[in-house]
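Single-letter residue listing:
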Amino acid sequence: MLVLGRIIGTGIFSTPSSVLTAVGSLGAAMMLWVLGILLSFAGLAVWLELGTMFPRSGGEKVYLEAVYKKPKLLATVLFATNAIFLGFTASGCIVFASNILKAAHVTVTDWNERGIAMGVILFVTLIHGFTPHWGIRLMNLLSVIKIAILLVVVVSGWVVLGGHIKSIPDPHANFRNGFANSSHSPYNYASALFKVLNSFTGWSNAAYVLNEVKNPVRTIKIAAPLGLGICSVLYILANISYFAAVQLPALKESGVTVASYYFLVVFGPTAQRVLSVFVALSALGNVMSVTFAQSRVNQELGKEGILPFTKFWSSNWPCGAPLPGLIVHLVPSVVIILDVEGYPGQIINLFVVGGLIFLRFKHPEVIRPFRAWWSAAIFFLVAAVFLLVIPFIRPAGGIGDTPPLPYWLYPLVGIAVFAIGLLYWFVWRIVLPRLGKYQLEPFKDVLSDGTVVTQFHKVHQE
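Residues numbered from 1 in each chain as written. Predicted model: local features only at pLDDT ≥ 70, side-chain atom pairs only at ≥ 80, totals over all residues. Heavy atoms only, no water.

Draft legend 1. Up close: the pattern of salt bridges. On inspection of all chains with the given rule, the structure shows 4 salt bridges. Arg-368 is the partner of Glu-49 in a salt bridge, and the nearest nitrogen-oxygen pair spans 3.0 Å. Of this pair, Glu-49 sits in helix H3 (residues 26-53) while Arg-368 sits in the loop between helix H16 (342-362) and helix H17 (374-389); the two residues are 319 residues apart in sequence, bridging distant segments of the chain. Of the two residues examined, Glu-49 and Arg-368, each falls in the buried class. What you see here is one network of salt bridges that share partners, running through Glu-49, Arg-360 and Arg-368. (Salt bridge = Lys/Arg side-chain N within 4 Å of Asp/Glu carboxyl O. Helix = DSSP H or I, 4+ residues; strand = E, 2+ residues; numbered from the N terminus. Buried < 20%, exposed > 50% of the residue type's maximum accessible area, 1.4 Å probe, protein only.)

Draft legend 2. The packing of aromatic side chains, seen in detail. Within the structure shown, the criterion is met by 12 aromatic pairs. A centroid spacing of 5.0 Å and a plane angle of 50° characterise the contact between Phe-200 and Tyr-235, whose relative ring orientation is tilted. In this pair, Phe-200 sits in helix H9 (residues 186-200) while Tyr-235 sits in helix H10 (residues 216-245), placing the two residues 35 residues apart along the sequence. The same class applies to Phe-200 as to Tyr-235, namely buried. Taking 5.5 Å as the distance between ring centres and 80° as the angle between the ring planes, the aromatic pair formed by Tyr-242 and Tyr-262 counts as edge-to-face. Here Tyr-242 is found in helix H10, whereas its partner Tyr-262 is found in helix H12 (residues 258-266), with 20 residues between them in sequence. With a relative accessible area of 0%, Tyr-242 lands in the buried category. What links up through ring pairs into an aromatic cluster is the set Tyr-242, Tyr-262, Phe-263 and Phe-267. Across the ring face of Trp-134, the terminal group of Arg-137 is positioned such that the distance to the ring centre comes to 4.8 Å. Sitting above the plane of the Trp-374 ring, Arg-360 keeps its charged end 4.9 Å from the centroid. (Phe/Tyr/Trp six-rings, centres within 6.5 Å; stacked < 30°, edge-to-face > 60°. Lys NZ or Arg CZ within 6 Å of the ring centre and 35° of its normal.)

Draft legend 3. Quick peek at the packing of helix H7 (residues 110-130) against helix H8 (residues 132-161). Two elements in contact, H7 and H8, have axes whose closest approach is 5 Å; the angle formed by their N-to-C orientations is 125°. Considering their axes alone, H7 and H8 lie oblique with respect to each other. From H7, Phe-123, Ile-127, His-128, Gly-129 and Phe-130 reach across to H8, where they touch Pro-132, Trp-134, Gly-135, Ile-136, Leu-138 and Met-139. (Axes fitted to C-alpha atoms, helices over the stretch in contact; angles between N-to-C directions. Parallel < 35°, antiparallel > 145°, perpendicular 65-115°, else oblique. Contact = heavy atoms within 4.5 Å.)

Draft legend 4. Summary view of the nonpolar core. Counting residues in each nonpolar core, the largest one holds 129 residues, and the members touching the most others are Leu-50, Tyr-242 and Tyr-262. The element best represented in this core is H3, accounting for 16 residues. Ignoring anything within four residues of it in the chain, the contact list for Tyr-242 reads Ile-12, Phe-13, Pro-16, Val-153, Leu-251, Val-258, Ala-259 and Tyr-262. (Core = buried A, V, L, I, M, F, W, Y, C linked by side-chain atoms within 4.5 Å.)

Draft legend 5. Local environment of unusual backbone geometry. Of note, the bond from Lys-70 into Pro-71 is cis; its omega dihedral lies within 30 degrees of zero at -10°. For Pro-71, the position within the fold is in the loop between helix H4 (60-67) and helix H5 (74-86). Despite not being glycine, Asn-181 shows a phi value in the positive range, around 70°. Examined against the element boundaries, Asn-181 turns out to sit in the loop between H8 and H9. For Asn-181, a relative accessible area of 68% gives the class exposed. With phi around 50°, Asn-215 is a residue other than glycine that occupies positive phi space.

Draft legend 6. Molecular detail of the environment of Leu-248. Mapped onto the fold, Leu-248 is located in helix H11 (residues 248-253). Between the C-alpha atoms of Leu-248 and Leu-20, which are 228 residues apart in sequence, the distance is 8.4 Å. Beyond its immediate chain neighbours, meaning those up to four positions away, Leu-248 contacts Leu-20, Asn-174 and Phe-243.

Structure follows, in C-alpha cells:
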C-alpha cells in the first residue's frame, strides 16, 4: 500500500492535459506514458538490486554512501541537502485545499488555500508523529480510495468507448490520426516526460522504510514491482478514458482539472463536485505516504551526525515514530511551494545507476538477491543523461514550460541546491577544522530508545 499510496497522487488526475499540450498529439502523449512506465521499471530494477544488497532504510542515501565513500561524507551531505530542501509536500497540500474549496463552492484565494494547506501538513505530521499506527491505517484507507477513483475512471471509460454515453456520440474521434500536430521540439518532450515520471514517483518508496519491514528482501522484490505494475495498467487505461470522453482542445485547456472535466462530461456537474472531494483525499493520501517515507530518510540522515543536534533528529521521540524527522519535512513544506524536485532527482538517479555499474565491476563477488538487467541499467542511465541535458537546450521561441520564468531556471535551481550542500560540506569538513586546528573524529552513541547514532568530537592538534 505504501508504494501504491505514493505513486497514485494527483498526477494522473491532472498531468494528462499538460502532457498533451506539450507534445501536441494523442499518439505522442501515449508514447510518453509508455516510455515513463519503461523508465520506471528500469529504475526499479536498479533500486531492487541495490535495495536487496543493502536492505535498510534510507534508499538512495544508503546506495550512494556504499559507492561514493570519498571524499568522506560528501555524498551523504549532498543527498541530505536535496532531501531537506526539496523533500517537501507543499504541492499536494495545495491540491487538497483547492479541491476542497471548489467542492464547497468557496472562492479560492491565496489565504484560504494556503491556510488549509498548512493545516493539512500539520495534521499529517502530528498523526504520523504521535499516533503512528493510526497514521498507517489512514494512509492505507486513502490508498484504497485512490485506487477506487481510478477504477471508476477506467470502467466508465469502457462504457464511453462502447458508445453508451449519449452526450459522447463519437468516442473514437480522438484516436483517428493520433499523431497529427505532434511537436518537433525535444524540449517539449523532455518537459512532458518529467511530468510523466513525476506521476510515477514513488516506486522506490519501499526502500526508504526497510528497517520497519519484515523480511525486507522478499517484501521489496514483490511489493515494489506489483505496486508499479498495478499503477501502470491503471494509468494507461485512465488516459484512454480521458481521450475517449473529452475532445482534444477541451482536454488541453482543462489544465489541472482534467479528471474533473471528464466527470462533468460523463456523469454531470454533481459528480464533478463529488470528484473534487475524492481528488482532495487522493492528494491527502499522497502527502501522508511521502511524509511517512521522507521522515525515515531524514532520521537516517540524522544518524550520520552531519546535522546539528544529532540525538534529537535521530530519535523516535516521543511515541516510537521519528517525529523530529517529520519536523524536518514539515518546515520546508510550509515555507516553500516549488516544483523543482524532478531535475535534482535525475542527478541522484544518474549517480545511483552509475554506482550500480561500478559495483558490478569492482565487487562482482558480492551476493545479489536480485540482479538488474544490463539493458535496464543502461536504458535508465541514458535517459537520466538526456533529461539532465535537454532542459538547457533553448526551446522554440525561447519560451519554456513555466513562463515568464526563463527555461533554464528550473534545472539551475536544482543544481544550486547541490551547490549549497557542497559549500556546507567544504566549510564543515575542510575550512573550520583547518582554522580551528582540529580533526573531526566519529564515535557511536546509543539513545535511550536503542537507536545507534554517529557523532563527531573535535580532536585538537598539538
